[in-house]
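Single-letter residue listing:
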Amino acid sequence: MSAAALVVSAMPAQAFAAPAGSDPADVIPGKGTSTPSLVDGIREGVKASGSPADAARGHLADKKSRYRIADPDRDLKAVQSVTTGSNETVRLQQKHRGVDVLGGQYVVRMEKKDGKRVVTGTSGKYFTGLTTGTKPEVGEELAVQRAVGATLAQVAGKKLAVNPKAAASLKGTARGLVVLPRGAGVLTQHVTVRGTDPATGRPVLHEVYVDAKSGYPVLQYSGIKTFTAEKTASASGEVKAAGEGKAPGGPAKHPGVAGSGVKYDGTTVELGLFFDTARGEYVMNDHSRMWDSSKNVISTWDARGKDVSEANGGRWPEGIKEFGSRTPQFDKDATEAGAVDAHWAAGKVYDYYKKVHGRDSLDGRGMAINSLVGLSLSGMPLVNAFWDGTKMLYGGGDEEYKTLSADLDVVGHEMTHGVVENSANLVYAGQSGALNEAIADYFGNAIAVDAAGMSMDDPDAGLLGGNLCRTKTPRQCAFRDLNDGATTSKNFLGVSFATDNGGVHLNSTIFSGALWDIREDLGRTLADRIAYKALTEYMTPLDGFTEGRDAVIAAAKALKVSAKDLNVVKRSFNAHGIVPNWEQAMGVDSDLLLGKLNVYSTKAGAGGGWWATSKSNDDGTEAFSVWAGRTDGKGETKLISPNDGRFHVNPATDGKTVAWAAYSAAGMDVLARPLAGGPVKKLYSTSDTVLDVRVEGGVVAFEKMDVFGARHVGFLRTGDKEPTWADGGKAGTGSAFPSLSGGRLAYAKAYADGDDYRMGVEVLDLRSGERKLMNQLGRPESIGETAINGKYVFWLADEVVDDGQVAVRRSNLDGTGTVDLSKEKGEGALFAQSLTASDEALTVTASLPDPKYHNETMSKLWQFGGANGTDRARVSCNRGEQLSAAAAGGKQVVWIDGTTGYTDLVTRTRPAGNCG
């Protein structure tokens, strides 16, 4: 499934059409719905008595010919009503037969004064084409199991860990039924999966939507809102979090104290404090801004020595206290900890929203603001910051980076995530997630630039995180630049949800850059008012760049800007390529085999001159089916699997047979069918997750993973009723990543070595039964995918478990002559994820290290060749993510490409070069 569109139907919109001459409103049609996405330019009377929500629903009912909402009272539930002076903004959540619709939210804006109420505009998404039933065939218990398995596969499935006995640490919580607005609708069970990656210690908070008919996870994304993108996907497990629960309440009321501290930059600043009589200390607990409550205060907590996994997702670490001092003047320790910066900055951000926009704290209702400062990651430095839905979390930094609270724009960014969550609540994935990040960047930077007295013309004004470094210049240090000139045509990156949640950081400066241009041209005050009004009164959860543009333009009109200034707003978006239908302008250098797959978390296969892939229908509502075709693009494609409501995924082919896995509520089946036709054969059934399927010459190999993370490779020959397990299938052993060639099966293997475990790669000769363990150059902590051809075995080896870089390793079939084609460390080392081999070439799916997460760090295809096999070139220069490569013979590769904003199956017959 395309991360660009998230879950909304990709089919052409059913255009809204009002009766000619009957509607004076300015109307922007909705996409895939008869309800307009924005109505502006109206002043229509509505019932003045009663609640704003009742008045809003009454307006929608009265104007049924415009909105096409059959029964607003039944299908729209009020989730928020905000009154600011005479203005009223009502947010209504769409229900389909009583079930929430993901992102289905409609906003009605009204004005009430002098005893009269008028509607001034509406916006949002209401999906009129939903017809799906709401009776699930998959219950919550099975949905949780499938969601945990899917999360485990995404965050830990790319490597086989050193200890196969290590249990996963994931826990799923059922959230109830949700309809995904694809076509006629997809009924799902919503599950939140939490945990900690046992290998990296990174926290996991995934939102997973499991198809309520088949049990297939049709949508999954991380709910953790970070300042920077993570290079390595989070993993998980099943451990009870320490101190899970609510944050402690504030102390009893006591007069506040004005103290002071020194920021990282040497500036002495005033701090709002509280004298805690029980501790005998002045603590960073500021009552002065929200004095009407003993709990709703600004507090800064000492989280040094605590792991981020103990604090994320609503957890509260045991035993932490507010930073304290015997005197009102905090010392150097509080400075170096980042506490002074965090506490001062939180007050600055609160003041900005209160004084400029009249907003009382992040939720608009005076919520407590808690900052946990100095967190680490599995005992290692953490260079990141998070908004976890309830509080701010700041990593303690490292030798180069200060504590992440050391820059006001970072603090403003994280706190603005709280504002977004309590207003438009933009879904943190795909374009809506990039819009979320863009708004957080814009306001975070606006607050910092104004506080510093910096001119908007300053070349460094657009930098975010520029003050975080100890030795680098601001430009060298910054994570993003709002003046980077990013545009949709040159810089938008189509990626899967497994990468940066669908590009939330990667693509954010396209939109934030447009907002920043508006601020430079219209001035701080007006630009901020426009952006804030657009966020809080116009935007809704699934808005993308185009809807964001419409919201900002409408907000500017509502503020009665001049025609000249309105043209400035429009020009700024035009300059960044944010125009209607901009997604259709993406160029590629590959040949299309099958377009708009609309699939998620599945792979493609190739062999014997044929390809195989999964595909949904145009609007993504159908369960996936397996299709096959010729790699030269000739002839017709063939439907291989039945279209029976199951999700048919991870197909492989050798040019004679296609094998794949099928999800249903009953479990998973491994299936096969001849390309020439004939019945589908069920080879194996399991309740576990089937990850990889391979086929060659009558042998089908696959890998399965249970919910505890145990993994085993099995294979079946023609006529076998039960699989043979390559590792014996016993507890305490593990195997993964099968590959087949020439009657040999290669796989990663975890095996006991005395009281310890070792990792290796083994080759099994399926004719003789002989096994060969490949020589290693060191002692890998984990092994990634394997590939095998008529001469060599290839695999990914990770000997230094830190930042995700791995070695690309090769050995002769007898285990000798082991060399690294690409070393784990040093210049050009790769973040490799998978590999595939023909007899002529090895192709690796990998990215290059870049902490700022540019195009070069996206998953790309690298082909290795030359006399010693170490020369490498890019297979394709396509800008989007390149995934699931399958060697098709010679140098030809087939893969799933995200450049166009869809998921397309494409190919090239030779490498493109260096893509400089």
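Here, every reference points to the structure presented above.
Residues numbered from 1 in each chain as written. Predicted model: local features only at pLDDT ≥ 70, side-chain atom pairs only at ≥ 80, totals over all residues. Heavy atoms only, no water.

### Quick word on the overall build of the chain
Where we set the bar: Strands are runs of DSSP state E lasting at least 2 residues, helices are runs of H or I lasting at least 4, and numbering of each runs from the N terminus. Between the two quantities, the radius of gyration covers C-alpha atoms and the globule rule is 2.2 Å times the number of residues to the power 0.38. For every residue, the accessible area obtained with a 1.4 Å probe (protein chains only) is divided by the maximum for its type, and the residue is called buried under 20%, exposed over 50%, and partly exposed between those limits. Any two residues whose heavy atoms approach within 4.5 Å are treated as being in contact. What sets the accessible areas is the Shrake-Rupley method with a 1.4 Å probe; for residues, cover comes only from the shown protein chains. The convention is simple: Lys and Arg are positive, Asp and Glu are negative, and His and the chain ends are not counted. A charged residue contributes its charge at one atom only: NZ of Lys, CZ of Arg, CG of Asp or CD of Glu.
Helix and strand counts for the chain come out as 15 helices and 54 strands. Radius of gyration (C-alpha) of the chain: 28 Å, near the 29 Å computed for a compact globule of 916 residues. When its C-alpha atoms are laid out on the principal axes, the chain stretches across 90 × 70 × 50 Å. Relative to its 916 residues, the chain shows a buried fraction of 62%. For the chain, the proportion of contacts with a sequence separation of at least 24, taken over those separated by at least 6, is 58%. Per element, the accessible surface of the chain, about 33,400 Å² overall, is 48% carbon and sulfur. Computing the positive centroid from 104 side-chain charges and the negative centroid from 109, the chain places the two 4 Å apart.

### Notes on the pairing of strand 6 (residues 99-113)
Where we set the bar: A pair of strands is considered paired only if DSSP assigns at least 2 bridges between the two.
Strand 6 sits mainly inside the fold: 12 of its 15 residues count as buried. Inspection of the sheet shows strand 5 (residues 87-96) paired to strand 6 by 9 bridges, in the antiparallel sense. The residue of strand 6 that forms the bridge with Thr 89 is Arg 109. With antiparallel pairing between neighbouring strands as the criterion, strand 5 and strand 6 make up a hairpin whose turn holds 2 residues, including Arg 97 at a positive phi of roughly 50°. Across 2 bridges, the pairing between strand 6 and strand 9 (residues 170-180) is parallel. When the bridges of strand 9 are listed, Val 101 appears paired with Val 179. When strand 6 meets strand 7 (residues 116-124), the two strands line up antiparallel, connected through 8 bridges. Among the inter-strand pairings, Val 107 is bridged to a residue of strand 7, identified as Ser 123. What sits between the antiparallel neighbours strand 6 and strand 7 is a turn of 2 residues, in which Asp 114 has the positive phi angle 55°.

### Some details on the pattern of salt bridges
Test applied: Basic side-chain nitrogens of Lys or Arg form a salt bridge, by our definition, when they fall within 4 Å of a carboxyl oxygen of Asp or Glu.
Per the counting criterion, the structure on display carries 46 salt bridges. Across the salt bridge formed by Asp 100 and Lys 95, the nearest N and O atoms sit 2.6 Å from each other. In this structure, the salt-bridge partner of Arg 480 is Asp 441, at a minimum N-O distance of 2.7 Å. Of this pair, Arg 480 sits in strand 26 (residues 480-481) while Asp 441 is found in helix 8 (residues 430-451), placing the two residues 39 residues apart along the sequence. Classification of Arg 480 by relative accessible area gives buried; the value is 9%.

### Comments concerning the pairing of strand 42 (residues 756-765)
Here strand 42 lies mainly inside the structure; 8 of its 10 residues are buried. Of the pairings in the sheet, the one linking strand 41 (residues 744-753) to strand 42 comprises 10 bridges and is antiparallel in character. Across the sheet, residue Tyr 747 finds its bridge partner in strand 42, namely Glu 762. Linkage of strand 41 to strand 42, two consecutive antiparallel strands, is achieved through a turn of 2 residues, within which Gly 754 is found at a positive phi near 70°. Here strand 42 pairs with strand 43 (residues 771-773) via 3 bridges, running antiparallel. Across the sheet, Val 763 pairs through a bridge with Lys 772, a residue of strand 43. Once strand 42 ends, the chain turns through 5 residues before running back antiparallel as strand 43, passing Gly 769 with a positive phi of about 80°.

### Regarding the sheet that holds strand 48 (residues 831-837)
Inclusion rule: In this analysis an axis means a line fitted to C-alpha atoms, helices contributing only their contacting stretch, and an angle means the value between N-to-C directions, from 0 to 180 degrees.
Across the sheet, 4 strands lie side by side as 48-49-50-51; this open sheet has antiparallel pairing. Since the sheet does not close on itself, it has two edges, and those belong to strand 48 and strand 51 (871-874), each with one partner. Across the sheet, the mean angle from the axis of one strand to that of its neighbour is 30°, orientation sign disregarded. Judged from the 5 bridges that link them, strand 49 (residues 842-847) and strand 50 (residues 860-865) form a sheet pairing that is antiparallel. In the sheet register, Val 844 faces strand 50, and the bridge partner there is Trp 862.

### Focus: the packing of aromatic side chains
Our working rule: Stacked, tilted and edge-to-face are the three classes applied to pairs of Phe, Tyr and Trp rings, where Trp contributes its six-membered ring and a pair requires centres within 6.5 Å; stacked means planes under 30 degrees apart, edge-to-face means over 60, and tilted covers the rest. Note on criteria: charge over ring means Lys NZ or Arg CZ within 6 Å of the ring centre, with the direction from the centre no more than 35 degrees off the ring normal.
For the structure shown, the criterion picks out 25 aromatic pairs. Ring geometry for Tyr 442 against Trp 516: centres 5.9 Å apart, planes inclined by 80°, an arrangement best described as edge-to-face. With Tyr 442 in helix 8 and Trp 516 in helix 12 (residues 508-522), the pair connects residues that are 74 residues apart, well separated along the chain. With 4.8 Å between their ring centres and 70° between their planes, Phe 624 and Phe 647 make a pair best called edge-to-face. Taken together, the positions of Phe 624 in the loop between strand 29 (610-615) and strand 30 (625-630) and Phe 647 in strand 32 (residues 647-653) put the pair 23 residues apart, joining distant regions of the chain. Each member of the pair Phe 624 and Phe 647 is classed as buried. Members of the aromatic cluster, joined through ring pairs, are Tyr 352, Tyr 353, Tyr 442, Phe 443, Trp 516 and Tyr 532. The side chain of Lys 263 reaches across the aromatic face of Trp 344, ending 3.9 Å from its centre.

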